[in-house]
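Examination of the molecular architecture
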Amino acid sequence: MHRAWKSVPSDYAVACESVDDIKAAVDFARTHGVRIAVKGTGHDYFGRSCAPDSLLIWTHPMREITVHQAFVPAGAPRGTTPVHAVTTSAGNRWLEAYRAATAAGRYIQGGGCTSVGACGGFALGGGFGSYSKRFGSGAAGVLEIEVVTADGRIRTVNRFQEPDLFWALKGGGGGTFGVVSRMTLLSHPIPRTDGWLSGQVTAHSDAAYQELIQRYLEFVPGAINNADWGEGVMWRKGVNEMELMTAFLDLTTAEAEAVWAPLLDPLRARPADFTVETSFTTQPFRDKWNPVGKSGAVMDDRPNAPDGYFWWRGNGGEVGAYWGGYAGRGIPLACLSGAKAERLAKAIFAASRTSLVLWQTNKALAGEHPEALRRDRQTSLNPAVFHNAAFVTVGDWVQFKYPGVQGHEPDAALAQTQMDGVNRALRLITAATPGGGSYTNEGDFFERAWKSEFWGSNYARLARIKSEYDPDNLFRVHHGVGSDMPVRSV
Ligand SMILES: Cc1cc2nc3c(=O)[nH]c(=O)nc-3n(C[C@H](O)[C@H](O)[C@H](O)COP(=O)(O)OP(=O)(O)OC[C@H]3O[C@@H](n4cnc5c(N)ncnc54)[C@H](O)[C@@H]3O)c2cc1C
């Protein structure tokens, strides 16, 4: 990322195959005063899974998955009701975990990208998937964690055993409290159908575009800020096009169309101002992770890739990305009506002149299902998320540029222009959304108020737990909890 971090390989690496390997690596690093980097997939936007002059703890080879019909956390009192669950080891990707759950007729809440880790930075930092308003954040689904802490102890933590550390691990950020070797995740009955709204609304003037943005903002609270809906829209940089990319669960296409009619019908009635193209589709949910016949799925044809591996075309656009700028911002529900909506619409319109603006309702928890909300309240996520209707990402990048690699050097002037455009967009949206906070996994690398923006009122408790379990600050990552605390040198 421009002016932020470079992908630098560690000097040494341990390809861990078991929790004992992780323990041996942690013990070695502690004894010899060596910097640790922990990597599952390397998807981190802040580069927190790599560090110069470090020992890499690489969990990629750890790929066990167990499906439980009746899981009871360790140390639970007699009579605790067993639940359906899935245990995933540290190297698994969401695709593998989803497939195991689907085969058992179950669903676990992970991320949309097939290659993000199912037992790493995603849930440790919070983690939001398309259906988080129905099933909660990734952190809310965690029932138990096995973790190697800085003292080299292998601990099994849950709400009955070391509940403070368990709470901190559910949202306090990856690479901070220890190395996780496995996580057990609550599973849910598989939804009946998975639906998708695609298409676009084109506005034929700037005034009409700003009106469209405001109409959309005002449409969200009453129509789609609930457990049936997720994902959102994208306002593309420099053009008056709003791309529709919205997910829905267990609704027929007719039911979904009826929800959108109050927004779309009046726009269709004004062809001089707007062109509206939409497509509502559904599929049985059990087919969701089957790529066969899907134009949006790109098969992994690399030699030795596991059978049936794929990624979504949208995520493919980020492969080899060199980010000029990247940041994210929570959007309070209170900003989606009246004068505040008008102000925010103006801000988004202006922001979209210099940056892509991606709006996702599933990365905020106002309108969340009450059962999921109960579980989310027991995580260490920034409490601002409960008042937010959506999360906005601003960003600009080029693909296949690698600093230091001849012929693939990024263009510094272009990256700076992108960075300036993204920063301007972020400033505009932030000014219109007081109290929205941000999200540690998808925030701004340069965020100055990172403690309050990423964790809000939970930061003080997180920092206390960090000092208790890692007093020498062995695990530290950019803008992680306690990363500014002293480091013991050997
Ligand atoms: C293409 C793409 C799509 C994404 N989609 C989503 C999305 O839909 N929703 C969402 O919320 N986020 C999404 N993200 C952001 C994602 O949540 C973060 O990048 C997250 O940090 C990835 O975790 P990882 O373990 O896969 O990656 P890594 O880069 O391996 O690790 C990320 C962080 O977690 C730490 N870590 C990894 N494994 C462990 C472990 N076993 N124990 C302790 N610490 C560990 C690392 O040290 C690092 O600090 C996406 C990112 C990308 C690049």
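Up top is the structure these notes are about.
This report concerns the structure included in the present document. What you see is a predicted model, and the numbers here were worked out from it, not measured in a lab.

Scanning the chain from N- to C-terminus turns up 13 helices and 19 strands. Over its C-alpha trace the chain gives a radius of gyration of 22 Å, about what one expects of a compact globule, namely 23 Å for 490 residues. Projected onto the principal axes, the alpha-carbon positions of the chain cover approximately 70 × 55 × 50 Å. Taken across its 490 residues, the chain has 50% of its residues classed as buried. Residue pairs in contact within the chain that sit at least 24 positions apart in sequence constitute 73% of those at least 6 positions apart.

Take the site of the ligand next. Around the ligand, 34 residues are found, and the nearest of them are G117, G120, G121, G174 and G175. Every element with two or more residues in the shell around the ligand is listed here: β2 (35–39), α3 (121–125) and β9 (179–186). No other element matches the four residues that α3 contributes to the shell around the ligand. Split by residue class, the shell around the ligand holds eleven nonpolar, 18 polar and five charged.

Right, let's get into the sheet that holds strand β3 (residues 54–58). A sheet is described by the order of its strands in space; here three strands give the open sequence β1-β3-β2, paired in parallel fashion. Strand pairing shows two members of the sheet lacking a second neighbour, β1 (12–15) and β2, which therefore form its edges. Taking each pair of neighbouring strands and ignoring which way they run, the sheet shows an average axis angle of 20 degrees. Looking at chain direction, β1 and β3 are connected through four bridges and run parallel. For A15, the partnering residue across the bridge sits in β3 and is W58. Relative to the sheet, helix α1 (residues 19–32) contacts β1, β2 and β3, its axis offset from that of β3 by approximately 165 degrees.

Here helix α9 (residues 338–351) spans 20 Å end to end across 14 residues, near enough to the 20 Å set by a 1.5 Å rise per residue. Turning to α9, its buried residues are A341, L344, A345, A347, I348, F349 and A351. Buried residues along α9 sit against α6 (206–223), β12 (229–235), β18 (356–360), β19 (388–399) and α11 (412–431).

Its place among the elements puts L143 in strand β7 (residues 142–148). Separated by 132 residues in the primary sequence, L143 and D11 have C-alpha atoms spaced 35 Å apart. Residues within four places of L143 in sequence aside, it is in contact with F71, P73, A85, N158, T184, L185 and L186.

Counting residues in hydrophobic clusters, the biggest one holds 135 residues, and the most contacted among them are I57, I348 and V357. Setting aside residues no more than four positions away along its own chain, V357 makes contact with W235, I348, A351, S352, V392, V394 and A425.

With that settled, consider the sheet that holds strand β5 (residues 83–89). Pairing between sheet strands relies on hydrogen bonds along the backbone, with the strands arranged either parallel or antiparallel. An order of β4-β5-β9-β7-β8 is seen for the five strands of this open sheet, with the pairing classed as antiparallel. Looking at strand neighbours, the two that pair on one side only are β4 (65–71) and β8 (154–157), the edges of this open sheet. For this sheet, the mean angle separating the axes of adjacent strands, direction not counted, is 15 degrees. Here α1 sits on the sheet in contact with β7, β8 and β9, set at roughly 50 degrees to β7. Contacts between helix α2 (residues 94–103) and the sheet are confined to β4 and β5, with β4 contributing the most and set at about 45 degrees to the helix.

It is worth spelling out the pairing of β12 at this point. Judged by how many residues are buried, β12 sits mostly within the fold: seven of seven residues are covered. Where β12 and strand β13 (residues 241–249) come together, seven bridges link them in antiparallel fashion. By the bridge assignment for β13, G232 is matched with M245. The antiparallel pairing of β12 with β13 creates a hairpin that spans five residues between the two strands, and G238 there sits at a positive phi of about 75 degrees.

Once that is clear, we can look at the packing of α6 against helix α7 (residues 253–268). Contact pair α6 / α7: the axes reach a minimum separation of 10 Å and the direction vectors enclose 155 degrees. One finds that α6 runs roughly antiparallel with respect to α7. Pair α6 / α7 crosses with right-handed handedness. Contacts from R215, Y216, F219 and A223 in α6 reach V259, P262 and L263 in α7. Residues that form the contact of α6 with α7 fall into these classes: six nonpolar, no polar and one charged.

Turning next to the packing of α9 against α11. Contact geometry for α9 and α11: axes closest at 9 Å, N-to-C directions at 175 degrees. Considered as vectors, α9 and α11 are oriented roughly antiparallel to each other. Across from A347, I348, A350 and A351 in α9, the residues of α11 making contact are A425, L428, I429 and A431. Residues of the contact of α9 with α11, tallied by class, amount to eight nonpolar, no polar and no charged.

Moving on, we get to the pairing of β7. The buried fraction of β7 amounts to seven of the seven residues, a majority that puts the element mostly inside the structure. Where β7 meets β9, six bridges bridge the pair, whose relative direction is antiparallel. Each bridged residue has a counterpart across the sheet, and for V147 the counterpart in β9 is V180. Pairing of β7 with β8, which is carried by four bridges, proceeds in the antiparallel orientation. The partner of V148 across the bridge, within β8, is I154.

For the rest of this paragraph, the subject is α7. Think of an α-helix as turning once every 3.6 residues; residues three or four places apart then point the same way. For α7, spanning 16 residues, the distance from its first C-alpha to its last is only 19 Å, which falls clearly below the expected 22 Å at 1.5 Å a residue. For α7, the principal kink sits at A261 and spans about 65 degrees; a proline, P262, occurs within the next four residues. Taken together, the buried positions of α7 are occupied by A256, V259 and L264. Taken together, the buried residues of α7 touch β11 (193–203), α6, β13 and β14 (274–284).

Take the environment of F71 next. Note on placement: F71 falls in strand β4. Sequence separation of F71 and I429 is 358 residues, and the distance between their C-alpha atoms is 44 Å. Beyond its immediate sequence surroundings of up to four residues, F71 is in contact with P82, V83, A85, L143 and T184.

Thresholds, definitions, all that
Residues numbered from 1 in each chain as written. Predicted model: local features only at pLDDT ≥ 70, side-chain atom pairs only at ≥ 80, totals over all residues. Helix = DSSP H or I, 4+ residues; strand = E, 2+ residues; numbered from the N terminus. Rg over C-alpha atoms; globule rule 2.2 N^0.38 Å. Buried ≥ 20, exposed ≤ 12 C-beta atoms within 10 Å, placed from the backbone. Contact = placed C-beta atoms within 7 Å. Near = placed C-beta within 6 Å. Nonpolar A, V, L, I, M, F, W, Y, C, P; charged D, E, K, R; others polar. Pairing = 2+ DSSP bridges. Axes fitted to C-alpha atoms, helices over the stretch in contact; angles between N-to-C directions. Expected span 1.5 Å × (residues − 1). Core = buried A, V, L, I, M, F, W, Y, C linked by C-beta atoms within 7 Å. Parallel < 35°, antiparallel > 145°, perpendicular 65-115°, else oblique. Left-handed = near helix turned anticlockwise from the far one by under 90°. Bend = angle between axes of the 7 residues up to and from the residue.

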